[in-house]
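Working through the structure, step by step
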Amino acid sequence: MQDLLYNDTMLLDKRTKDLIIEYVPDGDVLDSIVCFFSVFADCTRVRMLSALAISEMCVTDLSRVLGINQTTVSHQLRLLKNLGIVKCERQGKIIFYSLVNDTVNDVMLKGVEFLGS
């Protein structure tokens, strides 16, 4: 085993090595993936995303339903909007927020599925 650590020879064949080098993200793609998954690292954001997966909501409703301070909700929505995860639509004086698409909810459901297995 000691020889494997210091030897330039790899156990992987060239095709597998080349495939890994091509497939493993780096640079901007890696940064974007890390940024996307960091969205799920905050309990407040996950709760808000779960609620928005059910219905579009305004800040006040989101705050009251989830029992979260309106300032916190606004801050998190601004972050999620800047990341392109939620969108907003003004209806008169009220701004309604919703998920841009179902991808975020699909990722959360896959996480639940993974944790349940």
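Just above, that's the structure.
Keep in mind the model is a prediction, meaning the values are calculated, not measured.

What counts, and where the lines are drawn
Residues numbered from 1 in each chain as written. Predicted model: local features only at pLDDT ≥ 70, side-chain atom pairs only at ≥ 80, totals over all residues. Heavy atoms only, no water. Helix = DSSP H or I, 4+ residues; strand = E, 2+ residues; numbered from the N terminus. Rg over C-alpha atoms; globule rule 2.2 N^0.38 Å. Buried < 20%, exposed > 50% of the residue type's maximum accessible area, 1.4 Å probe, protein only. Contact = heavy atoms within 4.5 Å. Areas by Shrake-Rupley, 256 points an atom, 1.4 Å probe, with all protein chains shown as cover. Axes fitted to C-alpha atoms, helices over the stretch in contact; angles between N-to-C directions. Left-handed = near helix turned anticlockwise from the far one by under 90°. Phe/Tyr/Trp six-rings, centres within 6.5 Å; stacked < 30°, edge-to-face > 60°. Pairing = 2+ DSSP bridges.

Structural notes on the overall build of the protein chain
For the protein chain, the helix and strand inventory stands at seven helices and three strands. Helices and strands in the protein chain line up, N terminus first, as α-α-α-α-β-α-α-β-β-α. Scaling as 2.2 N^0.38, a compact globule of 117 residues should have a C-alpha radius of gyration of about 13 Å, whereas the protein chain reaches 21 Å, well beyond that. Expressed along its principal axes, the backbone C-alpha trace of the protein chain runs to roughly 70 × 30 × 20 Å. Looking at the protein chain residue by residue over its 117 residues, the buried ones come to 22%. Residue pairs in contact within the protein chain that sit at least 24 positions apart in sequence constitute 47% of those at least 6 positions apart. Total accessible area computed for the protein chain in this model is approximately 8900 Å², and 57% of it derives from carbon and sulfur atoms.

Some thoughts on the packing of helix α4 (residues 43-54) against helix α7 (residues 103-116)
Relative orientation of the contacting elements α4 and α7 amounts to 115°, with a least axis distance of 10 Å. In this structure, the crossing between α4 and α7 has a hand that is left-handed. Along the contact surface, α4 presents Val46, Leu49, Ser50 and Ala53, while α7 presents Val104, Asn105 and Met108.

Regarding the environment of Ala53
Structurally, Ala53 is set in helix α4. Spatially, the C-alpha atom of Ala53 lies 6.2 Å from that of Asn105, the residues being 52 residues apart in sequence. Sequence-distant contacts of Ala53, defined by excluding residues within four places in its chain, comprise Leu99 and Asn105.

Focus: the packing of aromatic side chains
Within this structure, the stated rule accounts for three aromatic pairs. Centroid distance Phe36 to Phe37: 5.1 Å. Interplanar angle 80°. Geometry classified as edge-to-face. Judged by its relative accessible area of 24%, Phe36 is partly exposed. Here Phe37 falls in the partly exposed class, since its relative accessible area comes to 47%. Look at Phe36 and Phe40: their rings are 5.5 Å apart centre to centre, the planes differ by 80°, and that puts the pair in the edge-to-face class. Assessed through its relative accessible area of 22%, Phe40 is described here as partly exposed. Taken together, the ring pairs connect Phe36, Phe37 and Phe40 into an aromatic cluster.

Overview of the pairing of strand β2 (residues 86-91)
Where β2 lies against strand β3 (residues 94-99), six bridges are found, and the strand directions are antiparallel. By the bridge assignment for β3, Val86 is matched with Leu99. Hairpin connection, β2 to β3: the antiparallel pair is bridged by two residues, and Gly92 has positive phi, about 70°.

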